[in-house]
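The residues making up each chain are set out below.
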Amino acid sequence: MRYKTLIRSSTIFALISIFYLAIYFLFLSGLIGSFLIQEKIFNALGFLNLISLIGFGFLGLFLGERIEMQNYKFKVLYQIPETIFFLLILAINIIASVAMYNGVLSNLIHGQNIFSLSFLIALMGNTYRSSIVWGEGYTILNNLFFVSISFSFYHYEKTHYKKYKYIIYYNIILIILSSFLYGARLKLVMLFIIIFLNYVRKDKYLEKVNFFKLLIILLAIIFLLSLWGGLRGVVSDIYKKWTDNIFIWNSRIFTDYFVSTTMFSVEGLGSDKNISLSEVRDNLGPYEIRGYTNFGRYMQVYKSFGLFSFLFTFFTSFIYGIVWKSFDKGRKFGLLFYPYVFYFVAEGLRIEPLLVLDFQFIIITMFLLYLLPVKL
């Protein structure tokens, strides 16, 4: 298998969907345990609806990937000089940096040894989450770092100007810092995807996959995510109610995400009433489960669009397939947006990113910058 095939949207969607369902059934069979999920719920109608929505998603990707969009070039009277665009990228970084300082850093740097290991562990355990300023736009503006790094990768590839390389390094450092400050593990995942896809598209796209190296990288990512997720219960001592083994706690908290997300979807999509998130959680386990479960992507879509959820799933997946085709052809639109599509698809059953304000802000901002006619 070549990298081109592996990172294709339909391939990733099929692999991640199978993974979610496999973990779910391994839990139902008792081969995977859980401390927090204490009920084994299987609703036949809900499972059928879930499989149907997954099928519509795959069909949309399958058809979208086969649409050949013409690369129209419109003649514009005036193009923005590259220098002006770079100043715009600098302005975006300044706004994002100020937002991160005002939203988190200014509240943490006083009276804390921010370079100590105990402070880092406390951050990863969400101990200081109450210190974050929510609801004033800082959290959303902080996401401008992703906009910056996406365009910086593209412009560096086209111009090889070192100034974009420095911006990339700055964005990597600040996104990692932001991930720890906000306790947002998936910011690191999104960063890795952007770097990985830009590297693969440039140097490895048509080469055969080195599965051994890829497996090592995936295991390292899983270890980090499971460790980070488990620390939330370790720092608060929740884990001691069930076990003294931190490693078993971390591994089960990691698989809980896949089990609970699938179970939420099955339970929600099979209910004959407008079941709430709290009701589903109450059916699964104790109060502590509220910090370790997700609503479920397709349940969220169904609650938002009702019977039109099938149309929404098909249409968005169809667009994702078209974006992959643009990426495959090496066009600007695909190179900029496919890393986000890849992430949206790789989320699997967990959340619907298009219904999350943070991702809406990133995509809309990127699209507005994409429309600017820049002279390279």
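(A) Examining unusual backbone geometry more closely. Its identity as a non-glycine residue notwithstanding, His160 has a phi of 60°, on the positive side. Within the secondary structure, His160 is located in the loop between helix H7 (144–159) and helix H8 (162–182).

(B) Representation of the pattern of salt bridges. Scanning the model with the defined rule gives eight salt bridges in all. Glu82 is the partner of Lys163 in a salt bridge, and the nearest nitrogen-oxygen pair spans 3.1 Å. Of the two residues, Lys163 sits in helix H8 while Glu82 sits in helix H4 (residues 82–108), which places them 81 residues apart along the sequence. Judged by its relative accessible area of 26%, Lys163 is partly exposed. Glu82 gets classed as buried once you look at its relative accessible area, which sits at 9%. Between Glu352 and Arg297 there is a salt bridge whose closest N-O contact spans 2.9 Å. With Glu352 in the loop between helix H15 (332–346) and helix H16 (357–370) and Arg297 in helix H13 (residues 297–305), this pair connects stretches of sequence that are 55 residues apart. What makes Glu352 buried here is its relative accessible area of 4%.

(C) Spotlight on the packing of helix H3 (residues 44–64) against helix H11 (residues 246–269). Look at H3 against H11: their axes get within 7 Å of each other, and the N-to-C directions meet at 110°. Taken together, the axes of H3 and H11 are roughly perpendicular relative to one another. Between H3 and H11 the crossing geometry is right-handed. Of the residues in H11, those in contact with Gly46, Phe47, Asn49, Leu50 and Leu53 of H3 are Thr262, Ser265, Val266 and Leu269. For the contact of H3 with H11, the residue count by class is five nonpolar, four polar and no charged.

(D) Broad picture of helix H9 (residues 185–204). Over its 20 residues, H9 extends 27 Å from the first C-alpha to the last, a length consistent with the 28 Å expected when each residue adds 1.5 Å. Regarding H9, the residues found buried are Arg185, Lys187, Leu188, Val189, Met190, Leu191, Ile193, Ile194, Phe196, Leu197 and Val200.

(E) Examining the packing of aromatic side chains more closely. For the structure shown, the criterion picks out 30 aromatic pairs. Aromatic pair Tyr205 and Phe327: ring centres 5.9 Å apart, planes at 85°, arrangement edge-to-face. Note that Tyr205 is positioned in the loop between H9 and helix H10 (211–235) and Phe327 in helix H14 (residues 309–328), a separation of 122 residues in sequence. Residues Tyr205 and Phe327 agree in their burial class; the two are buried. The structure contains a cluster of three or more aromatic residues connected by ring pairs, namely Phe19, Tyr20, Phe254 and Phe258. A cation over a ring is seen here: Lys40 above Phe27, with NZ or CZ 4.9 Å from the ring centre. Here Arg66 stacks its cationic end above the ring of Phe62, 3.7 Å away from the centre of that ring.

(F) Layout of the environment of Val209. Along the chain, Val209 falls in the loop between H9 and H10. When the C-alpha atoms of Val209 and Thr159 are compared, they prove to be 29 Å apart, with 50 residues separating the residues in sequence. In this view, Val209 contacts Met1, Arg2, Tyr3, Leu6 and Leu214; residues no more than four positions away in its chain are not counted.

(G) Seen up close, a nonpolar patch on the surface. A cluster of nonpolar side chains, Phe212, Leu215, Ile216, Leu218, Leu219 and Ile222, forms an exposed patch at the surface whose accessible area comes to about 570 Å². If you trace the backbone, Ile216 turns up in helix H10.

How each quantity is defined
- Residues numbered from 1 in each chain as written.
- Predicted model: local features only at pLDDT ≥ 70, side-chain atom pairs only at ≥ 80, totals over all residues.
- Heavy atoms only, no water.
- Helix = DSSP H or I, 4+ residues; strand = E, 2+ residues; numbered from the N terminus.
- Salt bridge = Lys/Arg side-chain N within 4 Å of Asp/Glu carboxyl O.
- Buried < 20%, exposed > 50% of the residue type's maximum accessible area, 1.4 Å probe, protein only.
- Axes fitted to C-alpha atoms, helices over the stretch in contact; angles between N-to-C directions.
- Parallel < 35°, antiparallel > 145°, perpendicular 65-115°, else oblique.
- Left-handed = near helix turned anticlockwise from the far one by under 90°.
- Contact = heavy atoms within 4.5 Å.
- Nonpolar A, V, L, I, M, F, W, Y, C, P; charged D, E, K, R; others polar.
- Expected span 1.5 Å × (residues − 1).
- Phe/Tyr/Trp six-rings, centres within 6.5 Å; stacked < 30°, edge-to-face > 60°.
- Lys NZ or Arg CZ within 6 Å of the ring centre and 35° of its normal.
- Patch = residues over 30% accessible without salt bridge, like charges linked within 9 Å, V, L, I, M, F, W, Y side chains within 5 Å.
- Areas by Shrake-Rupley, 256 points an atom, 1.4 Å probe, with all protein chains shown as cover.

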